[in-house]
Amino acid sequence: MDVLAVNGSPRRHWNTETVLEHALAGAAQFPDARTESLYLYPMKYSGCIGCYMCKQKGKPSGLCRFEAALTPILEKAQKSDVLLIGTPVYFFTESAGTRAFIERLLYPWSAFHADGYGTRRPKPMMAGLFYTLAGTEESVAEHGHRHFRDSTDQFFSLHFSHHEVLLAYETLHTNTYNKFELN
Ligand SMILES: Cc1cc2nc3c(=O)[nH]c(=O)nc-3n(C[C@H](O)[C@H](O)[C@H](O)COP(=O)(O)O)c2cc1C
């Protein structure tokens, strides 16, 4: 069982990485698990440009071919049995790098039928999406910011055989609060 963790935080060794490390440590307890971590931010890539090359008549592709930099990670993600994605919450959604990765991974799988959405996923896979955020659970509920989680639930349930979403609240912005003005 291949378990791939894709880290969409620009910061190494911080909150998102900690959460993903714990998830991978849990996965590693399964005797057949092979785990790997990849980091998006060292790479230069952008999100989907809507070229529709993945949906060409007669030769649809489950793999985005725009900008080769991301291709090895997209290929690994498609081959994994369990895909774990970690992201900080930025303005109540995924980080831009995570979002770009998700666009490039899932749009080639997306099919639009007359009676609804479908998936062209290459094979059944499970997914976990881990959000880390500085806010409290109460503040997210109070400001009606569940939308990012709800929309993820919708399109992940379409493309993955099973998925879980976990929010890690009240993370640290920094470990030197006396040097910054966050209020
Ligand atoms: C650009 C930016 C936007 C952020 N937006 C939010 C937000 O909308 N809600 C929130 O609770 N925290 C927000 N945060 C805090 C981060 O989500 C939080 O500290 C996260 O755990 C950082 O992950 P990392 O340590 O892996 O980088 C923001 C941080 C940054 C830098």
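So, how was this worked out
Residues numbered from 1 in each chain as written. Predicted model: local features only at pLDDT ≥ 70, side-chain atom pairs only at ≥ 80, totals over all residues. Buried ≥ 20, exposed ≤ 12 C-beta atoms within 10 Å, placed from the backbone. Helix = DSSP H or I, 4+ residues; strand = E, 2+ residues; numbered from the N terminus. Pairing = 2+ DSSP bridges. Right-handed = clockwise from strand over helix to strand, strands pointing away. Expected span 1.5 Å × (residues − 1). Arc of directions from axis to C-beta. Contact = placed C-beta atoms within 7 Å.

Caption draft 1: Local environment of the pairing of strand S1 (residues 2-7). The buried fraction of S1 is high, at five of six residues. Where S1 lies against strand S2 (residues 34-39), six bridges are found, and the strand directions are parallel. Paired with Asp-2 across the two strands is Arg-34, which belongs to S2. In this fold, S1 hands off to helix H1 (residues 15-27), which returns the chain to S2; that crossover is right-handed. Pairing of S1 with strand S3 (residues 82-88), which is carried by five bridges, proceeds in the parallel orientation.

Caption draft 2: Looking closely at unusual backbone geometry. With a phi close to 55°, Glu-67 is a non-glycine residue in the positive phi region. Mapped onto the elements, Glu-67 comes out in the loop between S2 and helix H2 (71-79). The backbone of Phe-92 sits at a positive phi, close to 55°, despite the residue not being glycine. Within the secondary structure, Phe-92 is located in the loop between S3 and helix H3 (96-106). Overall, the presence of 16 C-beta atoms within 10 Å leaves Phe-92 in the partly exposed class.

Caption draft 3: Quick look at H1. Taking 1.5 Å per residue, 13 residues should reach 18 Å; H1 reaches 19 Å between its end C-alpha atoms and fits that length. Listing the buried residues of H1 in full gives Asn-15, Thr-16, Val-19, Leu-20 and Ala-23. Across the axial projection of H1, the buried residues extend over an arc of 130°, all falling on one side. Residues of H1 that are exposed and point over 90 degrees away from its buried face: His-22 and Ala-25. On the buried face of H1, the contacting elements are S1, S2, S3, strand S6 (126-132) and strand S7 (162-168).

Caption draft 4: Quick peek at H3. Every buried residue of H3 is listed here: Gly-97, Thr-98, Phe-101, Ile-102, Arg-104 and Leu-105. Considered in projection along H3, the buried side chains sweep an arc of 170° and stay on one side of the axis.

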